[in-house]
Amino acid sequence: MVIAVDFDGTIVEHKYPEIGKLKPFAVETLNDLAAEGNKIILFTSRSGKLLDDAVEFCKSKGIEFYAVNSNYPDGALFTGREEKSPKVIADVYIDDRNLGGLPDWGTIYEMITAKRAAHHKKKKKSFFKRLFGGKHKHHR
């Protein structure tokens, strides 16, 4: 899965433009999710030196991101037709501004692993089952 995660108010307490204290279990949860094969993308409105400071802070705490404010490690923006979009395309967005607020990181981990498990449970039907629906009565 691709997981886009905000910085201020999500990984750390909201103290923008300063860097707040780490939220409990943010580091452990993000590292566990990355170790399970998820692509963790830092998706924040920070830019320039403030962004560099946030990335360095995370690295100092042991968080390595697949990409930052982009779906690609090299920072390229999605290009479609002749437009460039700064929106990161993800399966899950973790952000303190999310409707209902930010759950604790233990709950976040449980929600993501449940979503991933449900996604993997969906089995792809064979070509013939998709074509015929798999519900045939055999006539003799």
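Note that this is a predicted model, so its numbers are computed, not measured.

Our focus in this paragraph is the overall build of the protein chain. Each helix and strand in the protein chain was counted, giving four helices and six strands. Its helices and strands taken in sequence order, the protein chain reads β-α-β-α-β-β-β-β-α-α from the N to the C terminus. Evaluated residue by residue, the protein chain yields a buried proportion of 29% over its 140 residues. Pairs at least 24 apart in sequence give 67% of the contacts found in the protein chain among residues at least 6 apart. Put simply, the protein chain shows about 10,000 Å² of open surface, and 55% of that area lies on carbon and sulfur atoms.

The subject of this paragraph is helix H3 (residues 105-121). Relative to the 24 Å expected for 17 residues at 1.5 Å per residue, H3 spans 24 Å between its end C-alpha atoms, a close match to the ideal helical length. Restricting attention to buried positions, one finds in H3 the residues Trp 105, Ile 108 and Ile 112. In a view along the axis of H3, the buried residues occupy a sector of 55°, so they form one face of it. Residues of H3 that are exposed and point more than 90 degrees away from the buried face comprise Glu 110 and Lys 121. If you follow the buried residues of H3, they end up packed against strand E1 (2-5), helix H1 (26-35) and strand E6 (92-94). The N-cap of H3, judged by a side-chain oxygen 3.0 Å from the amide nitrogen of Gly 106 a few residues on, is Asp 104.

What follows deals with the pattern of salt bridges. One pass over the structure, following the stated rule, counts three salt bridges. The closest approach of N and O atoms between Asp 8 and Arg 46, which form a salt bridge, is 2.7 Å. Note that Asp 8 is positioned in the loop between E1 and H1 and Arg 46 in the loop between strand E2 (39-42) and helix H2 (48-60), a separation of 38 residues in sequence. Note on accessibility: Asp 8 and Arg 46 belong to one class, buried. A salt bridge links Arg 97 to Asp 96; the nearest nitrogen and oxygen atoms lie 3.6 Å apart.

On to the environment of Tyr 72, then. By the secondary structure assignment, Tyr 72 is in the loop between strand E3 (67-68) and strand E4 (78-80). For Tyr 72, a relative accessible area of 37% puts it in the partly exposed group.

Another point: the pairing of E1. Residues Val 2 and Ala 4 of E1 are buried on one face, and the alternating residues Ile 3 and Val 5, pointing to the opposite face, are buried as well. Pairing analysis gives four bridges linking E1 to E2, with the strands arranged parallel. Residue Val 5 lies in a different strand from E2, and its bridge partner there is Leu 42. When E1 meets E6, the two strands line up parallel, connected through three bridges. Its bridge partner lying in E6, Val 5 is registered against Ile 94.

Rules used in this analysis
- Residues numbered from 1 in each chain as written.
- Predicted model: local features only at pLDDT ≥ 70, side-chain atom pairs only at ≥ 80, totals over all residues.
- Heavy atoms only, no water.
- Helix = DSSP H or I, 4+ residues; strand = E, 2+ residues; numbered from the N terminus.
- Buried < 20%, exposed > 50% of the residue type's maximum accessible area, 1.4 Å probe, protein only.
- Contact = heavy atoms within 4.5 Å.
- Areas by Shrake-Rupley, 256 points an atom, 1.4 Å probe, with all protein chains shown as cover.
- Expected span 1.5 Å × (residues − 1).
- Arc of directions from axis to C-beta.
- Polar contact = N/O pair within 3.5 Å; in protein donor to acceptor, adjacent residues only side chain to side chain.
- Salt bridge = Lys/Arg side-chain N within 4 Å of Asp/Glu carboxyl O.
- Pairing = 2+ DSSP bridges.

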